[in-house]
Amino acid sequence: MSEGPTYGFDTLQIHAGARPDPATGARQTPIYQTTGYVFRDADHAAALFNLQEVGYIYSRLTNPTIAVLQERIATLEGGVGAVCCSSGHAAQIMALFPLMGPGKNVVASTRLYGGTVTQFSQTIKRFGWSAKFVDFDDLDAVKEAIDDDTRAVFCEAIANPGGYITDLDAISAISDDAGLPLIVDNTSATPYLCRPIEHGATLVVHSTTKYLTGNGTVTGGAIVDSGRFDWSASDKFPSLSAPEPAYHGLKFHETFGPLAFTFHGIAIGLRDLGMTMNPQAAHYTLMGIETLSLRMQRHVENAEKIAKWLEGDERVDYVTYAGLESSPYHDRVARICPKGAGGLFTVAIKGGYDACVKLVNSLEIFSHVANLGDTRSLIIHSASTTHRQLSEDQQRAAGAAPEVVRISIGIEDADDLIADLDQALTKATA
Ligand SMILES: *Cc1c(COP(=O)(O)O)cnc(C)c1O
């Protein structure tokens with residue numbers, strides 16, 4: 001099908017990027033379980049390797065099943081192209097890779113998925129890159145953190161662990177002024193709830209492991225390009241604007257225009273970093289995306305109901321859900337994620353660390369799992385698990401205080417989830 005602006009989200013989540021298989025007529029997208037593709041002749045092979053013709057060479061770079069997923073995610077996000085890869089963390093490295101270099105830094109929000117904090121504060125140092133973490137609600141601090149070596153600004157749309165909402169319009173105004181790309185991790189919101197490109201994002205990254213696949217089966221990631229950034233406006237992004245020795249001096253931005261970042265991600269990123277998604281994973285994620293809007297509606301509906309119930313319970317100290325009127329982020333919902341504040345929040349339990357541990361042990365429907373964005377409801381007590389190596393001060397700064405649990409609300413019956421929380425809270429606070 002040809003996508004036009006006239007098709008709605010529910011239509012595009014099923015059809016974008018896909019057409020009946022040209023060889024067999026298969027209606028569902030086949031899993032092209034192949035590593036290689038036969039070239040028509042030697043000239044065809046040469047044209048493909050020179051990037052003069054687009055086609056399939058080898059599945060580390062491109063695969064027809066993954067190509068459908070890439071086009072579907074790009075369409076849902078309103079981008080010009082996307083590259084899929086092996087995990088959300090791979091997507092983050094793939095997004096930064098063409099922008100950064102030794103001595104360069106990324107200015108990142110303090111409110112990020114725990115694994116991203118570790119990747120940015122520790123591991124990227126091995127490449128000579130660094131991250132400067134600042135509170136993205138303090139716009140002056142964001143401006144001040146940007147220096148001559150900054151190459152990107154990074155945040156989450158609906159941020160971990162508390163479901164905080166980032167003011168993407170204000171942050172993109174700052175990155176635009178500085179001539180820098182804004183990278184938004186849209187994992188917790190999904191394009192159904194938030195479309196960061198409409199708020200000025202240059203690139204959108206995803207852990208497709210979460211809501212896009214939706215039921216906790218495969219890991220994957222994606223980088224979507226808005227196609228709007230002028231990589232040649234300064235000399236800051238030579239990977240995209242200057243001649244590339246590995247392709248006979250080809251300049252990606254000059255040659256591919258708005259698709260420069262996407263082509264670079266495949267022709268250099270996947271080729272040399274090899275963080276490739278496999279076609280089975282792409283299949284599961286395509287199946288998940290077909291029902292994305294339906295699931296997100298239920299995630300939001302359940303989260304609103306359960307957060308409200310928890311907030312009114314005397315055994316609970318506070319709830320951080322931005323969908324609640326008590327949240328300082330409530331005002332941003334209508335502007336940034338008008339279809340709802342997602343399914344993720346934290347809850348502080350009276351009785352502290354011990355009560356949280358008992359709560360987690362007493363729940364029957366909720367699973368104690370280090371994942372989110374599943375059809376199943378999930379809970380984690382960060383202070384005794386993912387954040388247990390940190391001091392209490394560090395735990396509090398990360399939103400993982402000892403008395404706090406993080407909840408990812410699933411799409412089960414809300415009343416069953418409330419009953420489960422009720423019985424577990426009784427045991428936890430007895
Ligand atoms: C899970 C997650 C990641 C990392 O994704 P993986 O697929 O686990 O590598 C990054 N950002 C957010 C917001 C996440 O929830």
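Data block above holds the structure.
The shown structure was predicted, so the numbers you read here are calculated from the model rather than taken from an experiment. (Residues numbered from 1 in each chain as written. Predicted model: local features only at pLDDT ≥ 70, side-chain atom pairs only at ≥ 80, totals over all residues. Heavy atoms only, no water.)

Asker: If you had to explain the packing of helix H13 (residues 292-311) against helix H17 (residues 414-428) to someone new, which residues and values would you point to?
Answerer: Between H13 and H17, the least distance of the axes is 10 Å, while the angle of their chain directions is 30°. By the criterion of interaxial angle, the relationship of H13 to H17 is roughly parallel. The handedness of the crossing between H13 and H17 comes out as right-handed. Together, Asn 302, Lys 305, Ile 306, Trp 309 and Leu 310 of H13 and Ala 414, Asp 415, Leu 417, Ile 418, Leu 421, Asp 422 and Leu 425 of H17 make up the contact between the two elements. Tallied by class, the residues present in the contact of H13 with H17 amount to 8 nonpolar, 1 polar and 3 charged. (Axes fitted to C-alpha atoms, helices over the stretch in contact; angles between N-to-C directions. Helix = DSSP H or I, 4+ residues; strand = E, 2+ residues; numbered from the N terminus. Parallel < 35°, antiparallel > 145°, perpendicular 65-115°, else oblique. Left-handed = near helix turned anticlockwise from the far one by under 90°. Contact = heavy atoms within 4.5 Å. Nonpolar A, V, L, I, M, F, W, Y, C, P; charged D, E, K, R; others polar.)

Asker: Tell me about the pairing of strand S4 (residues 150-156), and name the residues and values.
Answerer: Within S4, 7 of the 7 residues are buried, leaving the element largely enclosed by the surrounding structure. Bridge analysis of strand S2 (residues 105-109) against S4 gives 4 bridges, and the strand direction is parallel. Looking at S4, one finds that Val 107 is bridged to Val 153. The pairing of S4 with strand S7 (residues 182-185) spans 4 bridges and is classified as parallel. Across the sheet, residue Phe 154 finds its bridge partner in S7, namely Ile 183. (Buried < 20%, exposed > 50% of the residue type's maximum accessible area, 1.4 Å probe, protein only. Pairing = 2+ DSSP bridges.)

Asker: Please set out the side chain of Ser 188 residue by residue, giving values where relevant.
Answerer: Along the polypeptide, Ser 188 turns up in the loop between S7 and helix H8 (190-193). A distance of 3.4 Å separates a polar atom in the side chain of Ser 188 from the backbone oxygen of Ile 158. (Polar contact = N/O pair within 3.5 Å; in protein donor to acceptor, adjacent residues only side chain to side chain.)

Asker: Explain unusual backbone geometry residue by residue, including any values.
Answerer: Note on backbone geometry: most residues besides glycine have negative phi, and most peptide bonds are trans. For the bond from Asn 160 to Pro 161, the omega torsion is -15°, close enough to zero to count as cis. Following the sequence through the fold, Pro 161 ends up in the loop between strand S5 (158-159) and strand S6 (164-165). One non-glycine residue with positive phi stands out, namely Leu 51, at about 60°. Looking at the secondary structure, you find Leu 51 in the loop between helix H2 (42-49) and helix H3 (64-77). The phi angle at His 248 is positive, at roughly 50°, despite the residue not being glycine.

Asker: Could you give an account of the nonpolar core, with specific residues and numbers?
Answerer: With 126 residues, the main nonpolar core has Leu 99, Phe 252, Leu 310, Phe 345 and Ile 407 as its most contacted residues. Take this core: its biggest share by element is 7 residues, from H13. Shared between two domains, this core takes at least three residues from each, and those domains are domain 1 (9-288) and domain 2 (292-428). Those residues within four positions of Leu 99 in sequence are excluded, and the remaining contacts are Arg 151, Ala 152, Pro 181, Ile 183, Leu 203, Trp 231, Lys 236, Phe 237, Leu 240 and Phe 261. (Core = buried A, V, L, I, M, F, W, Y, C linked by side-chain atoms within 4.5 Å. Domains from an automatic or database assignment.)

Asker: Requested: an account of the pairing of S7, with residues and values cited.
Answerer: With burial as the criterion, each face of S7 is covered, one bearing Leu 182 and Val 184 and the other bearing Ile 183 and Asp 185. Pairing geometry for S7 and strand S8 (residues 203-207), over 3 bridges, is parallel. Bridging across to S8, Val 184 finds its partner in Val 204.

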